[in-house]
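# Results of the structural survey
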Amino acid sequence: MKSEKNILIAFVLNLCFSVFEFLGGIFTGSVAIMSDAVHDIGDATSIGFSYFLEKKSRRQPDKRYTYGYARYSVLGGVITTFILLFGSAAVIVNAIGRVINPSPINYNGMIVFGIIGVVVNFIAAYFTHGGESVNQRAVNLHMLEDVLGWAVVLIGAIVMRFTDWALLDPIMSIGVAIFILINAIKNLKTVLDIFLEKTPDNISVDEIKKHICDIEGVIDAHHIHLRTLDGQNIYATMHIVTDCDPHTVKHLIREKLTEHGITHSTLELERSDELCHHKHCHIEHSGEHHCHHH
């Protein structure tokens, strides 16, 4: 799968670059580059997790996981997002420390590493861009963070090279960390909505009920549940009241649900004189919708 391959490319690039950064940090004596190396190793670890979980999420349903493994991809998104949150918080704390106690910086070394950093991380960001899974979006956010971080290092190093204003470095890194923090929180909300079985945002239960009730032969639709396993595929279960041919009615309902992007549906059919035993279904089958016969 494309998203797996992209995550793997990002992982390899990140891991190699982290090692390169450590050597660079020792060579230039730059604390900023050393701390970024630690941050990048954290990134590489979470991307490694994501790759493994994305691969697992492709497995077909079995007796142990009857709904399939799609949630593993979402779990990758959770892990990656939490690492991002902690990483951003650590960057902010570190930067505040450097505002209070500025440290000498090798500007020329920073400029060289800034250029290499932007190029390498831009390539990694390009490979993970436009991901369809929640997991891949979280990985892409990591890559974007690194591109921005290195752009800041580069611009900051050039400015400081000519002005010797060392405070600029921690101030800019705080700005980037806050930007990443906001995006990571948004990503976490999306992921938690999936785990909490929230109805997907782009779909309305009322609208679906109305469209199903417009189908010939359907008297009522109730006990409607909509959920997504991975942020992509939407599953629906519902009770349908009809006195018409069940095969025809089911076919028409499934067609209507597909129009709404619902890929998997479970329909329970009831006759109009049948009592629904579910405690939430105290409905009266009014004569508003009549079954049409041709």
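Keep in mind that this is a model prediction, so the values were computed, not measured.

Rules used throughout
Residues numbered from 1 in each chain as written. Predicted model: local features only at pLDDT ≥ 70, side-chain atom pairs only at ≥ 80, totals over all residues. Heavy atoms only, no water. Phe/Tyr/Trp six-rings, centres within 6.5 Å; stacked < 30°, edge-to-face > 60°. Buried < 20%, exposed > 50% of the residue type's maximum accessible area, 1.4 Å probe, protein only. Helix = DSSP H or I, 4+ residues; strand = E, 2+ residues; numbered from the N terminus. Lys NZ or Arg CZ within 6 Å of the ring centre and 35° of its normal. Core = buried A, V, L, I, M, F, W, Y, C linked by side-chain atoms within 4.5 Å. Pairing = 2+ DSSP bridges. Right-handed = clockwise from strand over helix to strand, strands pointing away. Axes fitted to C-alpha atoms, helices over the stretch in contact; angles between N-to-C directions. Contact = heavy atoms within 4.5 Å. pLDDT = per-residue confidence, 0-100. Expected span 1.5 Å × (residues − 1). Salt bridge = Lys/Arg side-chain N within 4 Å of Asp/Glu carboxyl O. Patch = residues over 30% accessible without salt bridge, like charges linked within 9 Å, V, L, I, M, F, W, Y side chains within 5 Å. Areas by Shrake-Rupley, 256 points an atom, 1.4 Å probe, with all protein chains shown as cover. Polar contact = N/O pair within 3.5 Å; in protein donor to acceptor, adjacent residues only side chain to side chain.

## Quick notes on the packing of aromatic side chains
Here the distance between the centres and the angle between the planes together describe a pair of aromatic rings. Enumeration according to the criterion identifies seven aromatic pairs in this entry. Ring geometry for Tyr 65 against Tyr 72: centres 5.8 Å apart, planes inclined by 55°, an arrangement best described as tilted. Assessed through its relative accessible area of 18%, Tyr 72 is described here as buried. Note on Tyr 67 and Tyr 235: the rings are 6.4 Å apart at their centroids and 80° apart in plane angle, and the pair reads as edge-to-face. Of this pair, Tyr 67 sits in the loop between helix H2 (31-57) and helix H3 (71-100) while Tyr 235 is found in strand E2 (residues 234-242), placing the two residues 168 residues apart along the sequence. We classify Tyr 235 as buried; its relative accessible area is 17%. Connected via pairs of aromatic rings, a cluster forms that spans Phe 17, Phe 20 and Phe 113. The ring of Tyr 69 is capped by Arg 59, whose NZ or CZ atom sits 4.5 Å from the centre of that ring.

## Remarks on the nonpolar core
The nonpolar side chains of a soluble globular protein tend to be buried with one another. Counting residues in hydrophobic clusters, the biggest one holds 19 residues, and the most contacted among them are Ile 212, Met 238, Ile 240, Ile 253, Leu 257 and Ile 262. Of all the secondary structure elements, the ones that give two or more residues to this core are helix H7 (205-213), strand E1 (218-228), E2, helix H8 (246-259) and strand E3 (262-270).

## Some remarks on the pairing of E3
Judged from the eight bridges that link them, E2 and E3 form a sheet pairing that is parallel. By the bridge assignment, Ile 234 is partnered in E3 with Ile 262. After leaving E2, the chain enters H8 and then returns to the sheet as E3, a path that is right-handed.

## Quick notes on the sheet that holds E1
Across the sheet, which stays open at both edges, the three strands sit in the order E1-E2-E3 with mixed pairing between neighbours. The two strands at the open ends of the sheet, each matched to only one other strand, are E1 and E3. On average, each strand axis in the sheet is tilted by 20° relative to the strand beside it, whichever way the strands run. Where E1 lies against E2, eight bridges are found, and the strand directions are antiparallel. Each residue of the ladder has a partner; that of His 225, found in E2, is Thr 237. Where H7 meets the sheet, its contacts fall on E1, E2 and E3, and the angle it forms with E1 comes to roughly 145°.

## Notes on the confidence of the model for the protein
For the protein, per-residue confidence averages 80 on the pLDDT scale, and 87% of positions sit at 70 or higher. Confidence drops under a pLDDT of 50 for residues 282-294, and excluding neighbours within four residues, the segment shows 19 contacts in the predicted structure.

## A short note on the environment of Ile 105
Structurally, the position occupied by Ile 105 is in the loop between H3 and helix H4 (107-128). Under the relative-accessibility criterion, Ile 105 is labelled buried at 15%. As a C-alpha pair, Ile 105 and Ala 166 span 61 residues in sequence and 7.6 Å in three-dimensional space.

## Notes on helix H6 (residues 168-195)
Taking 1.5 Å of rise per residue, the 28 residues of H6 would be expected to cover 40 Å, and the 41 Å separating its terminal C-alpha atoms lies within 8% of that figure. Following H6 by one or two positions, Glu 197 adopts a phi angle in the positive range, close to 60°.

## Concerning the pattern of salt bridges
Counted by the stated rule, this structure contains six salt bridges. The partner of Arg 71 in a salt bridge is Glu 197, with the nearest N and O atoms 2.9 Å apart. Residue Arg 71 is located in helix H3, and its partner Glu 197 is located in the loop between H6 and H7; the two are separated by 126 residues in the primary sequence. Overall, the relative accessible area of 35% leaves Glu 197 in the partly exposed class. The salt bridge involving Lys 198 is made with Asp 193; its shortest N-O contact spans 3.5 Å.

## Notes on a nonpolar patch on the surface
A cluster of nonpolar side chains, contributed by Ile 115, Val 119, Phe 122, Ile 123, Tyr 126 and Phe 127, occupies part of the molecular surface with about 610 Å² of accessible area. Tracing the backbone shows Phe 122 in helix H4. The class of Phe 122 is exposed, set by a relative accessible area of 54%.

## Remarks on the side chain of Thr 242
Looking at the element boundaries, Thr 242 is found in strand E2. Among the residues examined, Thr 242 registers a relative accessible area of 5% and is labelled buried. Looking at Thr 242, its side chain comes within polar contact range of the main-chain oxygen of Gly 217, at 2.6 Å. Excluding residues within four positions of it along the chain, Thr 242 makes contact with Gly 217, Ile 219, Val 249, Leu 269, Glu 270, Arg 271 and Ser 272.

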